[in-house]
Amino acid sequence: MEEEEKKTTENVNGFLGFLFGTNSMMTLACMSFSRLLSVTRPSTGKCLTFTFLIFAILYAIFWSTCPLLGWGRYDLEPYRTSCTLQWDFPDSSFVTASFIGCLAVPAGVMCVSYGQITALAWQTGKNQRRWNQRKSDKTLNKQELRLLKMTVAMCTVFIVVWTPYAISAMIKSYSRTVHIPIPLTAVPAMAAKCSHVIDPILYFTLNKSFREEREA
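All values derive from a computational prediction rather than experimental measurement. (Residues numbered from 1 in each chain as written. Predicted model: local features only at pLDDT ≥ 70, side-chain atom pairs only at ≥ 80, totals over all residues. Heavy atoms only, no water.)

Overview of the overall build of the chain
Logical step 1: When helices and strands are tallied, the chain shows 8 helices and 2 strands.
Logical step 2: Ordered by position from N to C terminus, the α and β elements of the chain give α-α-α-β-β-α-α-α-α-α.
Logical step 3: For the chain, contacts bridging at least 24 residues in sequence account for 74% of all contacts bridging at least 6.
Logical step 4: Carbon and sulfur atoms make up 66% of the accessible area of the chain, which totals about 13600 Å². (Helix = DSSP H or I, 4+ residues; strand = E, 2+ residues; numbered from the N terminus. Contact = heavy atoms within 4.5 Å. Areas by Shrake-Rupley, 256 points an atom, 1.4 Å probe, with all protein chains shown as cover.)

So, the side chain of Ser-98
Logical step 1: Note on placement: Ser-98 falls in helix H4 (residues 93-126).
Logical step 2: From its side chain, Ser-98 meets the backbone oxygen of Val-95 in a polar contact 2.9 Å long.
Logical step 3: In contact with Ser-98, other than residues within four places in its own chain, are Phe-18, Trp-63, Leu-85 and Leu-103. (Polar contact = N/O pair within 3.5 Å; in protein donor to acceptor, adjacent residues only side chain to side chain.)

Remarks on the environment of Ser-168
Logical step 1: Considering the arrangement of structural elements, one finds Ser-168 in helix H5 (residues 135-174).
Logical step 2: For Ser-168, a relative accessible area of 16% translates into the label buried.
Logical step 3: When the C-alpha positions of Ser-168 and Pro-188 are compared, they lie 7.9 Å apart, and in sequence the two are 20 residues distant.
Logical step 4: The residues touching Ser-168, leaving out its near neighbours within four places in the chain, are Ile-180 and Pro-188. (Buried < 20%, exposed > 50% of the residue type's maximum accessible area, 1.4 Å probe, protein only.)

Examining the layout of surface pockets
Rolled over the atoms, a probe as big as a water molecule pinpoints where empty space is left.
Logical step 1: Of the voids in this model, the second largest pocket is the one considered here, and its volume is about 480 Å³.
Logical step 2: Taken together, 30 residues make up the lining of the second largest pocket; nearest its centre are Phe-18, Thr-84, Trp-87, Trp-162 and Tyr-165.
Logical step 3: With 8 residues, the top contributor of residues to the lining of the second largest pocket is helix H1 (residues 2-40). (1 Å grid on protein atoms, 1.4 Å probe; cavity = no way out; pocket = protein on both sides within 12 Å on 5 of 7 lines; lining within 4 Å. Points joined across faces, edges and corners; volume = space filled by probe spheres on them.)

Quick look at the packing of aromatic side chains
Each aromatic ring pair is summarised here by two numbers: the centre-to-centre distance and the angle between the ring planes.
Logical step 1: Under the criterion given, the structure shown has 9 aromatic pairs.
Logical step 2: Ring plane angle 75° and centroid distance 5.3 Å describe the contact between Phe-62 and Trp-63, whose orientation is recorded as edge-to-face.
Logical step 3: Of the residues examined, Phe-62 reaches a relative accessible area of 47% and is grouped as partly exposed.
Logical step 4: The structure contains a cluster of three or more aromatic residues connected by ring pairs, namely Phe-18, Phe-55, Tyr-59, Phe-62, Trp-63, Trp-71 and Phe-94. (Phe/Tyr/Trp six-rings, centres within 6.5 Å; stacked < 30°, edge-to-face > 60°.)

Some thoughts on the UniProt feature "transmembrane region" (unreviewed entry) in the chain
Logical step 1: Here the UniProt-annotated "transmembrane region" (unreviewed entry) positions come out as residues 15-38, 50-74, 94-124 and 145-167.
Logical step 2: Secondary structure within residues 50-74 divides into 64% helix and 4% strand; the distance between the first and last C-alpha atoms comes to 31 Å. (UniProt positions renumbered as here; feature names shortened; annotations may be inferred.)

Considering the nonpolar core
Logical step 1: Counting 38 residues, the largest nonpolar core has Phe-18, Trp-63, Met-110 and Trp-162 as the members making the most contacts within it.
Logical step 2: Of all the secondary structure elements, the ones that give two or more residues to this core are H1, helix H3 (49-65), H4, H5 and helix H6 (182-193).
Logical step 3: By residue number, the principal contributor to this core is H5, which donates 10 residues.
Logical step 4: In this structure, Met-110 is in contact with Met-25, Leu-28, Ala-29, Ser-32, Cys-155 and Ile-159, ignoring residues within four places of it in sequence. (Core = buried A, V, L, I, M, F, W, Y, C linked by side-chain atoms within 4.5 Å.)

This is the structure we're talking about:
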């Protein structure tokens, strides 16, 4: 009975951690793609915002449910304070698939989307602006630029803090000879979990209108 309760706790803890982490990454990926659509197809981008959010949630639910159904497994972290995927599970196919689906794919979407936006902005900057451009249009462009900077910063931080954790997990999954000390494994894990704290700080720091409303 005690063993069953322990396993249930591990599954719940691991499921929630994996769910929220994957959902955060996919939400940022959807944000980046939405920003690209808002530049290239403004009407389409606005209509699909809610669809992107639902997709991110369903995507995260799919990946976090797989270990509960037998593809992969949740287990205690090496430092025994929280649960995550069992990286040294005999069947490493889920580890590889989750690495691709939950990190590489979202990161790729972010890089491609913001790369396209940057290229479009650079191309637009080369073209001569109309002399009769309205001031309100310039203000709107500045607002879009601030929003772009904020989302790029959030995505960059997320990739930076999650990549070391993913690399250490892959090493543990595929290498039986390389031993990573437990204190060292805690560093990338804690950094990855801190991403959920860093995002609100970035939002407050880079969002001028939010700061003005907060200080009012």
